[in-house]
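Residues per chain are reported as follows:
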Amino acid sequence: MISAFFIYNQKGEVLISRLYRQDLKRSIADIFRIQVISNTDVRSPIITLGSTSFFHVRHENLYIVALTKWNANAALIFEFCYRVINVGRSYFGKFDEEAVKANFVLIYELLDEVLDFGYPQNSEADTLKMYITTESVKSERAVMEDSAKITIQATGATSWRRSDVKYRKNEAFIDVIESVNLLLSAQGNVLRADVAGQIMMRAYLSGTPECKFGLNDKVLLEKDPSNRRKTSNTVEIDDCQFHQCVKLGKFDSDRTISFIPPDGEFELMRYRTSDNINLPFKVHPVVIEIGKSKIEYRILVKANFSSKLYANNVVLNIPTPLNTAGVTCTASSGKAKYVPAENSIVWKIPRFQGQSEFTLTGEANLTAMTHKKAWSRPPISMDFQVLMFTSSGLLVRFLKVFEKNNYQSVKWVRYMTKAGNYQIRF
Amino acid sequence: MDIFSKPKFFTNNTKGENAELLVELNSEYRDRRKDAVKRVIANMTVGKDVSGLFPQVVKNMQTEDLEMKKLVYLYLMNYAKSNPDLVILAVNTFVKDTDHVNPLIRALAIRTMGCIRVDKILDHLCEPLRKCLQDDNPYVRKTAALCVAKLWDLDQERAIDNGFVTTLQDLVSDSTPMVVANAVIALAEMQESSVNKDVFVVNVAIMNKMLAALNECNEWGQIAILTSLAEYQPLDSKEAESVCERVVPRLQHANGSVVLSAIRVLMIFLRYLRNDEFTNGLIKKMSPPLVSLLASAPEVQYVSLRNINLILQKRPDILQNDVRVFFCKYNDPPYVKREKLEIIIRLCNDKNVDQILSELKEYASEVDVDFVRRAIRAIGRCAIIIEEASERCVNVLLDLINTKINYVVQEAIIVIKDIFRKYPQRYEAIIPTLCQNLDSLDEPEAKGSLIWIVGEYAERIENADELIENFLETFLEENSQVQLQLLTATVKLFLKKPSQSQEIVHRVLQTATQEIDNPDTRDRAYVYWRLLSTDPQAAKAVVLSEKPPISVDSSADKLSPGLLDELINNISTLASVYHKPASTFMGNKAFSADAVRKAAVADARDEEQIMGEDTVTSPTAPAASAPKNVMADLLDLDFGSSEPVSTPVMSPPTSNSKSGPNYSADLFDMSSDMSSGGSDAFGGMGGMSGMSGVGGLNIGFQQSQSQSQNQNTATSGSSNAFGDLAGFGGFGQQPSAATASQQTQQQKPTQSSTVNDLLDLF
């Protein structure tokens, strides 16, 4: 399906080129450079020239490009490109031009493994690391010893986990990370508010553990009549996706989440909710354009969570017009200053106690413009992190580990809410 | 090892590098040989020709160093074709490696052998392949499974004669899920290119095996299985239900392409379901995952949005309450914003229209000109779709006109013209406001729209003659689209207010017939002149005839049901992204290299067609895309260079998703009805929404001529007939598709009256 795979740098030089099908020649690489990299007005990630389609994704200072001459599965190709980036990051820490140049031999090895005849094979970084390693010496020894085992495992039903994992202390860490997306209209109406949640797990468990995981999921708890009385504190999940280790059939039939985890860190699930969202911050902006030369700002921010908690790294980006000459502003907490490069006032509050509120007042002076063009008033955007708080109200109820050795395991749970796209129009 | 002693592989000294490498490759030290091979690969990557080192590199193949072996294999895959005679040197090592104790090496050898497309290798491939297909190790088996497809690609007969196809069919029942997945992938690909189409027919037994493997496969294997499942035709509604039940859990997968592949299966199987309750439940389960796809990477979002657009056309009830999630974020990439806008309009109904309008108004104040214009057009579409909201839409548009931002004003006027056509006699009160902006109009489309309004409502505009007079000052310099509008508007003015404008109409017709070279304008002037001079009453009946209002259907660019079904079958693929059947952009897909070369000529012609409708690289001026056209030719000539190919260069029309009510659509329908079966020739044409029927047919005619394979007599017959019609009206000689579309894109009003005229004349 994927006929060829290229990696370019920003100048359009080919760093990696791998052809999987004979329907293309390497010279096709130049076409992409001319048509996309040196073209300033590219408005689509897919471009078809002649009968060849180019799919590209940009990452750091690289262009990751997959080519096909088929009516290929477009979603698959993009997901695959991102997977290559992930594998690269997992191997080299950072996947950029420098890393690619320094490790091109290894990248060719990986590309040979993850794609065969243009079809994606195994793209789990953890599995790949078992038989494609950075130090060739080590790989040789490892390969001779248990390549048979590795290969069976890489193709099997739990391709993501080795069977011989051993830990002295069995631990599992769960991080619930929620990103709140908000779009507030200039009139103060909520246009869009939802939470995109992520449950990250770091599993350091021996053997082949079977895990069961429970949330205060409304659908699940309401099913069981014995739980009726405590259903007040449940969350309605709109939709969720799971890591490939989760048995989807089981979730579909009785909504239990059971899985054999990969070793180490992975994203167990992603979810989305839009009901009863607790917005951690309320923002009341008053922005008045006085004549053509001045804009007055008065921004009030209020923390809407319990006073026992606090938020870290709160940053508000308050846009100013392009022709701003200077800004004077004072904030009741934190630091606020005008950043001309971003065309905005950046207001940073390192620590924000729950239930407290702060204001910023300021004035932007504008230079005279020859032609009057209305200011588009981009929204105020906000960034923050609140620990031990979930906007959706989601809670982890239990994590049970079953293993044939019946060992004790310790589990830790952390919650965090951060800003996703938190935008306030004014 | 410190940084300085690290060998540099990407070096710039080209002089004599190959000679230097030659020495290094023959070095007695393993490390130096390995570094040399790495440098060879680095040179290969940047596109330098290192094929001359073939024998020296191949010599290094026999080694226990896996990394080195892989590098040499990589080199072999690239250069085997240019040194077919020397490849034989490598065969021995390959065959030996397929017997190696290490399964990784066995698999590597069989994988690489399949990629070397040299006949001599094929002779030696069959035995090792047979062994590997039966290997104990699943990793080797799954690699061998794909190797069968590689062999098939080169030599189908050999694959069949050696019994590999049968073995592969057996592998579908393998105990290891990944082997099953690869066997399914290989078989599906072979099926597509097989002559008898009997390689892989998905029956109940195979389907059950695939369903069993589905739960255990990795994500890519799941996609492969889901893709093949979609081919299955269930016997009855019950069976379809049970397949759906097995597929539904996939909607929760983290990989967006698995979700879309599952959606494809479900959308196809919905056709077989008879149980309404089950169907509704299924549709309910499909909405949340579709919304979740909007949280993926922007490129995946883009593919998803294009598919959601299709799904909404098929099942408008889906996602009905979710319009908010499609609201654009300020920092969405432009291609995502564009698609979200399309979907917002599809979801627009009388309940959410207020919300949508205020959102669209917000978009209209952004900075990206293209997006702002689309947002304004979307407001117009809201007005046309929902009658109750039309007044609010008009008010929003008036607000926008009052911003005095040049492109906003122009776009708003174009949109208002459409609203006038849909709701005649309702919003004339705003005409004075529109006329105030007369001087700021510099785009032909906007100008043409305002002129049309003036002509249409001439009797209500007191100074209509002054306005027209004003426009006429630059009559000769105008774009032909504006000229045509002016011509028609003047005639309308004359018919409505004969006393004031006799002099004007005379002057215009004279100028148009004597001084203008454009056949469209000239001929239309002649037609009017004769009409007016022979029978003014008839002229009135023709020019001032009632125009049918824009209907809702034609304003939302809906795909024809046949095409829609085909695209639903292709959810998640390129076809579904382009909303065009695969045949329009894949060219003649041929499977062997020779066939590809042979098809190059035909292919290159097909390319013209694709380029013609290129919606991907969005609005580009025809001049700018002309070189791209040539580029595309070169691209495809690359492999067909042995044969001289002369291709007609045709610049693409400016693609413009402005879907307007146009008569071209009607003409298209007519023509495609007549040419049933000729959908290949015309299938792609549907994409040119802005193209006038007459101009479009003209091209269709040329294309069907040049497309020797797809042509059928019915098609050419019908387009011939239309060619004649076009010729009669003087439209047949339009210089190129580009100008045709440019002129006609937004001049529907005139076009309509002219078509009416022509029909009357018949």
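Computed from a prediction, not measured in an experiment: that's the story for all the values here. (Residues numbered from 1 in each chain as written. Chains lettered and ligands numbered in written order. Predicted model: local features only at pLDDT ≥ 70, side-chain atom pairs only at ≥ 80, totals over all residues. Heavy atoms only, no water.)

1. Considerations on unusual backbone geometry
Inference 1: Residues other than glycine seldom take positive phi values, yet A:Met388 does so here, at roughly 55 degrees.
Inference 2: Its relative accessible area of 46% is what places A:Met388 among the partly exposed residues.
Inference 3: With phi around 55 degrees, B:His579 is a residue other than glycine that occupies positive phi space.
Inference 4: When you line up the elements, B:His579 lands in the loop between α32 (574–578) and α33 (583–586). (Buried < 20%, exposed > 50% of the residue type's maximum accessible area, 1.4 Å probe, protein only. Helix = DSSP H or I, 4+ residues; strand = E, 2+ residues; numbered from the N terminus.)

2. Re the pattern of salt bridges
All names here are of chain B.
Inference 1: Enumeration over the complete set of coordinates arrives at 61 salt bridges over all chains.
Inference 2: The partner of Asp65 in a salt bridge is Lys34, with the nearest N and O atoms 2.8 Å apart. Linking Asp65 in the loop between α3 (54–59) and α4 (66–79) with Lys34 in helix α2 (residues 30–46), this pair joins segments that are 31 residues apart in sequence.
Inference 3: On the basis of relative accessibility, which here comes to 11%, the residue Lys34 falls in the buried class.
Inference 4: Its salt-bridge partner being Arg271, residue Asp565 comes within 3.8 Å of it at the nearest N-O pair. Of the two residues, Asp565 is situated in helix α31 (residues 561–569) and Arg271 in the loop between α15 (256–269) and α16 (276–292); the sequence distance between them amounts to 294 residues.
Inference 5: Given the relative accessible area of 32%, Arg271 is considered partly exposed. (Salt bridge = Lys/Arg side-chain N within 4 Å of Asp/Glu carboxyl O.)

3. Quick notes on the confidence of the model for chain A
Inference 1: Per-chain confidence: chain A averages 87 in pLDDT, with 93% of residues scoring 70 or above.
Inference 2: For residues 136–141 of chain A, every residue scores under 50 in pLDDT, and the model assigns this stretch five contacts once sequence neighbours within four places are set aside. (pLDDT = per-residue confidence, 0-100. Contact = heavy atoms within 4.5 Å.)

4. Here's the deal with the nonpolar core
Inference 1: In terms of nonpolar packing, the biggest core is built from 276 residues, with A:Phe5, A:Ile46, B:Tyr75, B:Phe94 and B:Phe326 touching the most fellow members.
Inference 2: Residue contributions to this core peak at twelve residues, all from helix α2 (residues 74–92) of chain A. (Core = buried A, V, L, I, M, F, W, Y, C linked by side-chain atoms within 4.5 Å.)

5. Some thoughts on the UniProt feature "domain: Clathrin/coatomer adaptor adaptin-like N-terminal" (unreviewed entry) in chain B
Inference 1: In this structure's numbering, the residues bearing the UniProt feature "domain: Clathrin/coatomer adaptor adaptin-like N-terminal" (unreviewed entry) are residues 17–535 of chain B.
Inference 2: Secondary structure content for residues 17–535 of chain B is 70% helix and 0% strand, while the C-alpha to C-alpha distance between its ends is 86 Å. (UniProt positions renumbered as here; feature names shortened; annotations may be inferred.)

6. Examining the sheet that holds strand β17 (residues 324–331) of chain A
The strands that make up a sheet are held in pairs by hydrogen bonds between backbone atoms, and each pair lies either parallel or antiparallel.
All names here are of chain A.
Inference 1: Ordered by their spatial adjacency, four strands build an open sheet running β14-β15-β20-β17, and the pairing between neighbours is antiparallel. Two strands in the sheet have a free side with no partner beyond their single neighbour: β14 (281–290) and β17. The sheet shows a mean angle of 15 degrees between the axes of neighbouring strands, taken without regard to direction.
Inference 2: The pairing of β17 with strand β20 (residues 357–366) spans seven bridges and is antiparallel. Following the sheet pairing, Thr328 is matched in β20 by Glu363. (Pairing = 2+ DSSP bridges. Axes fitted to C-alpha atoms, helices over the stretch in contact; angles between N-to-C directions.)

7. Looking at the interface of chain B and chain A
Inference 1: With 119 residues of chain B at the contact, the number on the chain A side is 97 residues.
Inference 2: Summing both sides of the interface, chain B and chain A together bury roughly 9500 Å²; the carbon and sulfur share of this comes to 57%.
Inference 3: Its salt-bridge partner being A:Glu113, residue B:Arg111 comes within 3.6 Å of it at the nearest N-O pair.
Inference 4: Here the side of chain B that touches chain A gets eight residues from one element, more than from any other, and that element is helix α8 (residues 138–154) of chain B.
Inference 5: For the side of chain B that touches chain A, the residue count by class is 61 nonpolar, 23 polar and 35 charged. (Buried area = accessible area lost by both parts, 1.4 Å probe. Nonpolar A, V, L, I, M, F, W, Y, C, P; charged D, E, K, R; others polar.)

8. Digging into a nonpolar patch on the surface
Residue and element names in this part refer to chain A.
Inference 1: A surface patch of nonpolar side chains, amounting to about 230 Å² of accessible area, comprises Val286, Ile288 and Ile290.
Inference 2: Position of Ile288 among the secondary structure elements: in strand β14.
Inference 3: We classify Ile288 as partly exposed; its relative accessible area is 42%. (Patch = residues over 30% accessible without salt bridge, like charges linked within 9 Å, V, L, I, M, F, W, Y side chains within 5 Å. Areas by Shrake-Rupley, 256 points an atom, 1.4 Å probe, with all protein chains shown as cover.)

9. Observations regarding the sheet that holds strand β2 (residues 14–19) of chain A
All names here are of chain A.
Inference 1: Taken in spatial order, the five strands of this open sheet run β2-β1-β5-β4-β3, and their pairing is antiparallel. Two strands in the sheet have a free side with no partner beyond their single neighbour: β2 and β3 (46–49). Each adjacent strand pair in this sheet contributes to an overall mean axis angle of 20 degrees, direction not counted.
Inference 2: Strand contacts of α2: β1 (4–9), β3, β4 (52–59) and β5 (62–68), with the helix running at about 35 degrees to β4, the strand carrying the most contacts.

10. Quick look at the packing of aromatic side chains
Residues and elements named next belong to chain A.
Inference 1: This structure, assessed with the given rule, holds 30 aromatic pairs over all chains.
Inference 2: Where Tyr91 meets Phe92, the ring centres are 6.0 Å apart and the plane angle is 45 degrees; that geometry is what we call tilted.
Inference 3: Given a relative accessible area of 13%, Tyr91 falls into the buried group.
Inference 4: Classification of Phe92 as buried rests on a relative accessible area of 19%.
Inference 5: Geometrically, the ring pair formed by Phe173 and Tyr204 is edge-to-face, given 6.1 Å between the ring centres and 70 degrees between the ring planes. With a gap of 31 residues between them, Phe173 in strand β8 (residues 171–184) and Tyr204 in strand β9 (residues 190–204) connect regions that are remote in the sequence. (Phe/Tyr/Trp six-rings, centres within 6.5 Å; stacked < 30°, edge-to-face > 60°.)

11. Topic: the pairing of β20(A)
All names here are of chain A.
Inference 1: The alternating pattern of β20 places Phe358, Leu360, Gly362, Ala364 and Leu366 on a buried face, while none of Glu357, Thr359, Thr361, Glu363 and Asn365, on the opposite face, is buried.
Inference 2: Pairing between strand β15 (residues 294–303) and β20: nine bridges, direction antiparallel. Its bridge partner being in β20, Lys302 is matched across the sheet by Glu357.

12. Digging into the packing of helix α7 (residues 119–133) of chain B against helix α10 (residues 164–171) of chain B
All names here are of chain B.
Inference 1: It is at 11 Å that the axes of α7 and α10 come closest, and there the two elements cross at 15 degrees. Compared by their axis directions, α7 and α10 come out roughly parallel. As α7 runs across α10, the sense of the crossing is left-handed. On α10, the residues touching Cys126, Leu129, Arg130 and Leu133 of α7 are Phe164, Thr167 and Leu171. (Parallel < 35°, antiparallel > 145°, perpendicular 65-115°, else oblique. Left-handed = near helix turned anticlockwise from the far one by under 90°.)

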